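Remarks on the overall topology
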Amino acid sequence: GAVVSQHPSRVICKSGTSVKIECRSLDFQATTMFWYRQFPKKSLMLMATSNEGSKATYEQGVEKDKFLINHASLTLSTLTVTSAHPEDSSFYICSARGSGRVLDTYNEQFFGPGTRLTVL
Amino acid sequence: RKEVEQDPGPFNVPEGATVAFNCTYSNSASQSFFWYRQDCRKEPKLLMSVYSSGNEDGRFTAQLNRASQYISLLIRDSKLSDSATYLCVVTVDDKIIFGKGTRLHILP
């Protein structure tokens, strides 16, 4: 399957700082990228959907000013957690979806390995 | 009714046995269906897409029943390495909906 990388894999930061997480599609162009967070033993929760070159669409209850998403190119999306607090500690996972011409099946998502964020 | 529902389990199954679980969806306009596998503290990985005609990949068989609005996953000759959480994913237009997952434990 297609490869999606995520960086960093783990980050520990102090409360009040901002953290940027990168998501890259390595071997295909991702027209749409998704950002999820997952708490221990819980399901994935979609935070936002971003399409290249346009503003992200945030799910209800997700603060767009706190979780800044930029999808500047077809292979890169970034999530910045601003003024992080301990309750933002979570596992953040991105996924990417390409066009039907690139991947065999449209709508398949390929996930990055995730970023574990710990805010002290 | 939730958009996508799965039995959370856990399903505790002896090695070598066959196990099946279902996922129901509420929106009849749902278009695409997938099974993902997620290991503890890892990201989900696509296991298989689910086609209208059903599909099989080795020990894994996925079926779609549009009339009753559910998809199923059958695992034959289960291995210890099959222990994971299996996530059902349904798409409607551009909306992608994950089930909460079914935990499977294969017992030696």
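For the structure, check the block above.
For the structure given in this document, a descriptive report is provided here. (Residues numbered from 1 in each chain as written. Chains lettered and ligands numbered in written order. Predicted model: local features only at pLDDT ≥ 70, side-chain atom pairs only at ≥ 80, totals over all residues. Heavy atoms only, no water.)

Quick word on the nonpolar core
As a reminder, the rule being used: Residues grouped as a nonpolar core are buried Ala, Val, Leu, Ile, Met, Phe, Trp, Tyr and Cys residues, joined through side-chain atoms within 4.5 Å. For each residue, the accessible area found with a 1.4 Å probe, counting protein chains only, is set against the maximum for its type, and the residue is called buried under 20%, exposed over 50%, and partly exposed in between. Secondary structure elements follow DSSP: runs of H or I no shorter than four residues count as helices, runs of E no shorter than two count as strands, and numbering proceeds from the N terminus.
Core analysis: the largest hydrophobic core is formed by 26 residues, its most contacted members being A:V4, A:W35, A:F67, A:L79, A:Y92 and A:L117. Taken together, the elements giving at least two residues each to this core come down to strand 2 (10-13), strand 3 (19-25), strand 4 (30-38), strand 5 (45-51), strand 7 (67-73), strand 8 (76-81), strand 9 (90-98) and strand 11 (115-119) of chain A. Counting residues in hydrophobic clusters, the runner-up holds 24 residues, among them B:Y25, B:M48, B:L73 and B:A84.

Structural notes on the environment of A:Y36
Test applied: Every residue pair with non-hydrogen atoms within 4.5 Å of one another is taken to be in contact.
Structurally, A:Y36 can be placed in strand 4. Measuring from C-alpha to C-alpha, the distance between A:Y36 and A:L46 comes to 4.4 Å, with 10 residues separating the pair along the chain. Setting aside residues up to four positions removed in sequence, A:Y36 forms contacts with A:L44, A:M45, A:L46, A:M47, A:F91, A:Y92, A:I93, A:S95, A:Q109, A:F111, B:I96 and B:F98.

Some words on the pairing of strand 5 (residues 45-50) of chain B
Residue and element names in this part refer to chain B. Here is the rule we go by: Here the rule is simple: two strands pair whenever DSSP picks up at least two bridges between them.
Sheet topology note: the strand 4 (residues 32-38)/strand 5 ladder contains 5 bridges and is antiparallel. Pairing of R37 across the sheet is with K45, part of strand 5. Taking the residues that link successive antiparallel strands as the turn, the strand 4-strand 5 hairpin has 6 residues, and the phi of R41 there is positive, at about 65°.

Some remarks on the state of the cysteines
Condition: Only a pair of cysteine sulfur atoms within 2.5 Å qualifies as a disulfide here.
Applying the stated rule across the entire model yields 2 disulfides over all chains. The disulfide bridge from B:C23 ends at B:C88, spanning 1.9 Å between sulfur atoms. With the S-S bond torsion at -70°, the cross-link from B:C23 to B:C88 turns out left-handed. Of this pair, B:C23 sits in strand 3 (residues 19-25) while B:C88 sits in strand 9 (residues 84-92); the two residues are 65 residues apart in sequence, bridging distant segments of the chain. Accessibility expressed as a relative area gives 0% for B:C88, which makes it buried. With no disulfide of its own, A:C13 has A:C94 as its nearest cysteine by sulfur position, at a separation of 18 Å. By relative accessible area, which is 9% here, A:C13 ends up buried. Unpaired in this structure, B:C40 has its nearest cysteine sulfur neighbour in A:C94, at a distance of 20 Å.

Quick word on the packing of aromatic side chains
We count it as follows: In this analysis, rings of Phe, Tyr and Trp, with Trp reduced to its six-membered ring, are considered paired at centre separations within 6.5 Å, and the interplanar angle assigns stacked below 30 degrees, edge-to-face beyond 60, and tilted for intermediate values.
One pass over the structure, following the stated rule, counts 13 aromatic pairs over all chains. Aromatic side chains A:F111 and B:F98 sit 5.8 Å apart centroid to centroid with 70° between the ring planes, which places their arrangement in the edge-to-face category. Taken together, the residues span two chains, with A:F111 in strand 10 (residues 110-111) and B:F98 in strand 10 (residues 95-98). A relative accessible area of 8% places A:F111 in the buried class.

The values are spatial; any link to function lies outside them.
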